[in-house]
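# Commentary on secondary and tertiary structure
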Amino acid sequence: MALAQNKNAVISGTVLDENDQPISNVSITILGKTSGIISSDSGRFQLSVPAEKSLALVFSHSGYQSIQKNFYLSPGEQENIVIHLLIGGRTLEAVVVQDERERRENGLVKINPKNAISLPSTTGGVEALIKTLVGSNNELSSQYNVRGGNYDENLVYINDFEIYRPYLVSSGQQEGLSLINPELAKNVNFYTGGFQAKYGDKMSSVLDIQYKKPASFSGSAYVSLLEQGVHLEGTTAKDKLSYLIGARNKSNRNLLSNQPTQGAYIPSASDIQGYITYKLNTKWQLELLGILSTSRFSFYPESVKKTASVFSPVFSANLGVDIYFEGQEKDSYSSSLAGLSLVNNPSKAVKLKWMLSRFKDRENENFDIGGAYLFGERDFDNNSTTFGQIVNALGAGYYQNYARNELSIETWNAGHKGNLDKGKHFLQWGLNFEQTKIHDKLLQWEYQDSAGYSLPYNPSSAQIYNSIQGRAALKIEKYSGYLQDNIHLLKGRNDISLQAGVRFNYNSLNKEMLISPRIQASWKPAGRKDIVYKLAAGVYDQPPFYREIRKYDGSLNTAIKAQKSIQFVAGADYNFSGAENRNFRLTTEAYYKRMHDVIPYDIDNVKIRYLGANNAKAYTTGVEMRLFGELVKDAESWFSLGFMRSRENLDNDAYYQYKNAAGEIININSTDKVVKDSLRTEVGWLRRPTDRLITMGLYLEDYLATNKNFKVHLNMLYGSNMSYNIPNSVRYRNALIVEPYLRVDIGFSALLLSEKNARRSHSPFRNFDNIWASLEVFNLINRANTISYQLIKDFSNSVYAIPNRLTPRLLNLKLLARF
């Protein structure tokens, strides 16, 4: 009332940086005035201003770009705003200082989680951004391969708690939401290799995510044809309690209904996540992280038509298979994480953290699907009355897949970690105890009938083509820890940093003690702020878990040892200016991984099946290059290019060729041939399932030259061919070739609402910061990428590989609002 009588209004709010951290001592003045106020330590401010009068507030701070906001307020109106200041000048020197940690650490790529919302992608999330850096071959899955490793070789942390992916998922269409909510993330650090001893025992990569601690109330909501979500964040009085809550829902029905296999797809996934902090006093703080995620997938298949073209100098044909299904599939996956942390800062140099968490995973996979098929040449003559039909039958039969699989995993984890800042030395340590209980029931079989004969054909007994049965009740205890020192050896003319550490791991499953020393070094030459050279070497071992100990027949090998590797990385980081003084950053890394006690595996879609024995050795070597920059001002883009070779050599993988009396190689199954001699051949080194010579990714952001409110985001992925295994074949292991993967997704965005401060107090949108609308086109070039093969036999027992294709072109609409 007093404000209204004085014809004044109040503007209050918080000033944050690009990472949503509060900025203190920000100067806040009315344009044209010489005096003003400054923001508090928490970034907050409050200012009384004249009402019914156009005015502008100027926010300025050394090292940041100044910003001006316009207002027109009614008497007594109270306006609450959030101001984001960008690093000032955007000069090359400022970028170098800001990204110094990223430049010094081997394999580190810092990802802006806000790009995950604008990136056109069927899966969305942080993982979709990672795929542009390391490549992908499946747009339906959020999983990724890094430097020749598989999905199980990637570590994922949220606020220092390890996150796990589902284990029974066999195809990308069954996946639900990623456990990472990008709207809640503050920092996303992705290590592609050569990471430090403080990170756990996996061989490929680390994704380290920190959820943000809010400084003021805000939120967002988005809705699209594929996914919907909302998040809220804020603090209570005196900033003692902060809360961060997000909820999401996803349904891929529109996406899956366009797949080659016709039928009724009913997928659904949802999750809710929360992160709460409570400041007990100036030195003690409680943190609580909670995640609850559920996913269900129901499928009632009807039919599918698949085609593969064969070209050769003597033969060409369009081979196809028509399958008509009966039956259904019903899967469910649920996981939860509750993590409690107690953080103590006894001094500015010491930070101590105690953690306790429980992870629970329940999975059920149930399907009983039969398919009658006709295989042969498909007619592609547009003028023919049989266009699109099988005209020359080569095979016919029936198959049935059945499964009743259940998995329950419960993991308790207790740990302590801390660090001590001693000037040139930054000591870090940690101890961890983990107990995992696994209950597993596996019942799965496959029946095949070809031309009226059950396979394998045996007139004297009834046999089934493939059967897997097993039960497990395991209790595994793991003890691990690390000690490392980050040393700044020289600072000045030659800037040299060294990170040296060691970690240990012991588990009760195979009673194996692992010691893993690791070292990283960086050197910035004298007088050169634009370039940093890096080296890393270390031991990276991976103890077995549920999937590695399970053999093909369903039995368990609990004596299996950890997979072991020695890795070497060398690289350089170069900053330079391009046209119009725009800043660019070029990173290059060469790497070599030598592995032994390797557990070989096969990949079908996203399902990984291990052979269940340490019977191989392997190596991976390659080069990765990435260019980051702004092709246009204030529009972030990057390009990634990688070359890799990954090979493995299995023990005792020899095969025999048989000869007749004339020295000719014959088929051992031929009844009219007499074997006179045999030739033993070693298979030797062959391609690993994740081997890919070339990977390329592009993320491009642009806008109209005359209006930044209209933007375009382009996401392009390319990967050269990969190998695919022929089951039960020693001679032709990984002999099939999956053709190159190429996909382009594009999104067009328009700013529908902005300039919150210019809106009237009675406007229904007065509390919204901005509202964006987007149109996304997935698979712009409509390429039919291949994910796997279906093997079909004809009447003469010859085997043909028919490709299973991924999704075609699809449109998606999205609406995003922030408040």
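Fair warning: this is a prediction, and the values are worked out from it, not measured in the lab. (Residues numbered from 1 in each chain as written. Predicted model: local features only at pLDDT ≥ 70, side-chain atom pairs only at ≥ 80, totals over all residues. Heavy atoms only, no water.)

Another point: the overall build of the protein. If you tally the helices and strands in the protein, you get 7 helices and 45 strands. In terms of overall dimensions, the protein is globule-like: its C-alpha atoms have a radius of gyration of 30 Å, near the 28 Å expected for 819 residues. The principal-axis extent of the C-alpha atoms belonging to the protein is close to 105 × 65 × 50 Å. Summarising the internal contacts of the protein: among those between residues at least 6 apart in sequence, 67% fall at separations of at least 24. When the accessible surface of the protein is summed, it comes to about 36600 Å², and 55% of that surface belongs to carbon and sulfur atoms. Charge centroids of the protein, computed over 93 positive and 80 negative side chains, lie 5 Å from each other. (Helix = DSSP H or I, 4+ residues; strand = E, 2+ residues; numbered from the N terminus. Rg over C-alpha atoms; globule rule 2.2 N^0.38 Å. Contact = heavy atoms within 4.5 Å. Areas by Shrake-Rupley, 256 points an atom, 1.4 Å probe, with all protein chains shown as cover. Lys, Arg positive; Asp, Glu negative; His and termini not counted. Charge placed at Lys NZ, Arg CZ, Asp CG, Glu CD.)

Before going further, it helps to spend a moment on helix α5 (residues 125-134). At 3.6 residues per turn, the α-helix brings residues three or four places apart onto the same side. For α5, the buried fraction is high: 10 of the 10 residues fall into the buried class. Regarding α5, the residues found buried are Gly125, Val126, Glu127, Ala128, Leu129, Ile130, Lys131, Thr132, Leu133 and Val134. (Buried < 20%, exposed > 50% of the residue type's maximum accessible area, 1.4 Å probe, protein only.)

The next thing to look at is the sheet that holds strand β5 (residues 55-60). Strand order across the open sheet formed by 4 strands is β3-β2-β5-β6, with antiparallel pairing between neighbours. Of all strands in the sheet, those bounded by a partner on one side alone are β3 (36-38) and β6 (67-71). Taken over all neighbouring pairs, the strand axes of this sheet differ in orientation by 20° on average, direction set aside. Sheet analysis places strand β2 (residues 27-30) next to β3, joined by 3 bridges and oriented antiparallel. Bridging from a neighbouring strand, Thr29 pairs with Gly36 of β3. (Pairing = 2+ DSSP bridges. Axes fitted to C-alpha atoms, helices over the stretch in contact; angles between N-to-C directions.)

A separate point is the environment of Gly135. You can see Gly135 is positioned in the loop between α5 and β9 (154-158). When the C-alpha positions of Gly135 and Lys348 are compared, they lie 41 Å apart, and in sequence the two are 213 residues distant.

Here we come to the side chain of Ser497. Mapped onto the elements of the fold, Ser497 is located in strand β24 (residues 495-507). Overall, the relative accessible area of 4% leaves Ser497 in the buried class. Sequence-distant contacts of Ser497, that is, excluding residues within four places in its chain, are made with Arg104, Ile487, His488, Gln520, Ala521 and Ser522.

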